[in-house]
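Topology and contacts: notes
Each chain is listed here by its residues.
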Amino acid sequence: MQSTDFSRSLFGRICISRAITALIVGTLLLNITVRAQQTENVQQSTQAPKPSSIVEHMGAPTSLPELVREAEQKNPQVSAALHGWRASRNVSKQASALPETQVSVQQFSVGSPRPFAGYSNSEFAYIGFGVSQDIPYPGKRGLRAQVAEHEAESVEAQADSIRRTVIGNLKMVYFRLAYIQQTLGVLQKSDGFLNQVQEATEARYQVGQGNQQDVLKAQLQHTKILQEVAHHHQAEGLLQAQIKQLLGRPQDSPDILADNLSIRPLPYSAAELLQRARELNPDVRSKQAAIHVQEAQVELAQKNFRPDFNVQYSYQHTNGDTRDYYLATFGIRLPNRGRQKAELAEAQQNQERAKKELDAESDRVLSEVQQQYVRVKTSEERLKVYSEGLVPQSEATFRSALSAYQSNKQDFESLLSGFLDVLNLDLEYQSELAEHESALAELERLTGVDVP
């Protein structure tokens, strides 16, 4: 009985151990199957939204000086301002000319309203010819010409201001376009880095060292880059429309490819730029010309207290029995002194107003020059920090984090943070470079300098 019970007990234990073994093997097989299925699903999910390659711009880039020359020739605002200046140059000749000469013909008849009635039988009938000329007081014509010439100088300065504004806007749009086009290359490089990250996450996941969440996060970053590329394409389309408008090109003309941006150091000091702004800024020169206009207007208002003159001469032909008549007349036109006093007071007030406007414009321009100078110098320092420190350090940190992650010595969050640092710092560097060039363009507009 004991042996029988022992045999039954041994047989029961063997059955239990076989069942446990089968259960363990089945669980392992099930885990392997589930993991393989998850890996296949992850691979499919990561492959589905894989971003298409970023399309690079084809064709040769167009340099900024070429576009500047084109805008100067074809921009309608610049052309309109140029025609306005050319028109103003002809005003001084009109102002300095004598008043129009008046020529008259007279016919005096006797006994009938019919022309030439009684001409042959009345000694009072005649045919007369006359000429009349107004002569301003000496010096008035010259002052009027000076007023017109100074106004033409102001129009010329305003035309130059419009030209510089158009060119400045063109440069800023061009630099922004170059930034957008260059950052597409940055996104492409970052996408390459991200491919390395995704390969590393998938490799770790396949050997059971990673998790599905890491793979999905890498896939999410791919999608974000695609979204950023779409935003860049939209921004580029808007900038292309603006730059074609400034160039006077049709909107359906081929798009423009900008040169790669590179830093241009500023070779001028703040004092040199301020001095050039005082001498060459078109808005300041326009206000200076306005002062000269008002100074001439004051002199003219004082001269208008002097009388003007009128000279007339006429010839009257009568019938043969009576001698012809010859008549010369000299007249003086006396000014209304009350009106002239008001005119002089107005001119003096306008002269003071022009002086204050010049002071205000000079202060504004010099303040803008100083601000842009600070922006340029500060931007140069930041660009140096980016190019020599932050950007290479971030790339080195990312490559180190990628190696550590592949060796299972670092978590995915640290690797992803390193990748985002590389991407953001590259974009910040390109944005800072565009801001630097835009500040230089504004300095060129304000001071008339040309930074090579």
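Residues numbered from 1 in each chain as written. Predicted model: local features only at pLDDT ≥ 70, side-chain atom pairs only at ≥ 80, totals over all residues. Heavy atoms only, no water.

1. Topic: helix α5 (residues 140–206)
With 67 residues, α5 should cover 99 Å at 1.5 Å per step; its first-to-last C-alpha distance of 98 Å lies within 8% of that length. Following α5 by one or two positions, Gly208 has its phi on the positive side, about 85°. (Helix = DSSP H or I, 4+ residues; strand = E, 2+ residues; numbered from the N terminus. Expected span 1.5 Å × (residues − 1).)

2. Regarding the packing of aromatic side chains
If you walk through the whole model with that rule in mind, you get seven aromatic pairs. With 6.3 Å between their ring centres and 55° between their planes, Phe398 and Phe419 make a pair best called tilted. Note that Phe398 is positioned in helix α9 (residues 337–406) and Phe419 in helix α10 (residues 412–447), a separation of 21 residues in sequence. Its relative accessible area of 0% is what places Phe398 among the buried residues. Clustering of aromatic rings is evident, with ring pairs tying together Tyr137, Phe309 and Phe330. Across from the ring centre of Trp85, 4.9 Å away, lies the NZ or CZ of Arg89, which sits over that ring. (Phe/Tyr/Trp six-rings, centres within 6.5 Å; stacked < 30°, edge-to-face > 60°. Buried < 20%, exposed > 50% of the residue type's maximum accessible area, 1.4 Å probe, protein only. Lys NZ or Arg CZ within 6 Å of the ring centre and 35° of its normal.)

3. Regarding the confidence of the model for the protein chain
Predicted confidence across the protein chain gives a mean pLDDT of 82, with 84% of residues reaching 70 or more. Counted against residues more than four places away or in other chains, residues 1–55, with its pLDDT under 50, gives 25 contacts. (pLDDT = per-residue confidence, 0-100. Contact = heavy atoms within 4.5 Å.)

4. Details of helix α2 (residues 64–74)
Among the residues making up α2, those that are buried are Leu64, Leu67, Val68, Glu70 and Ala71. Looking straight down α2, one finds that the buried residues subtend no more than 165° of arc, so they occupy a single side. Among the structural elements, α3 (76–88), α5 and α6 (212–247) are those in contact with the buried residues of α2. (Arc of directions from axis to C-beta.)

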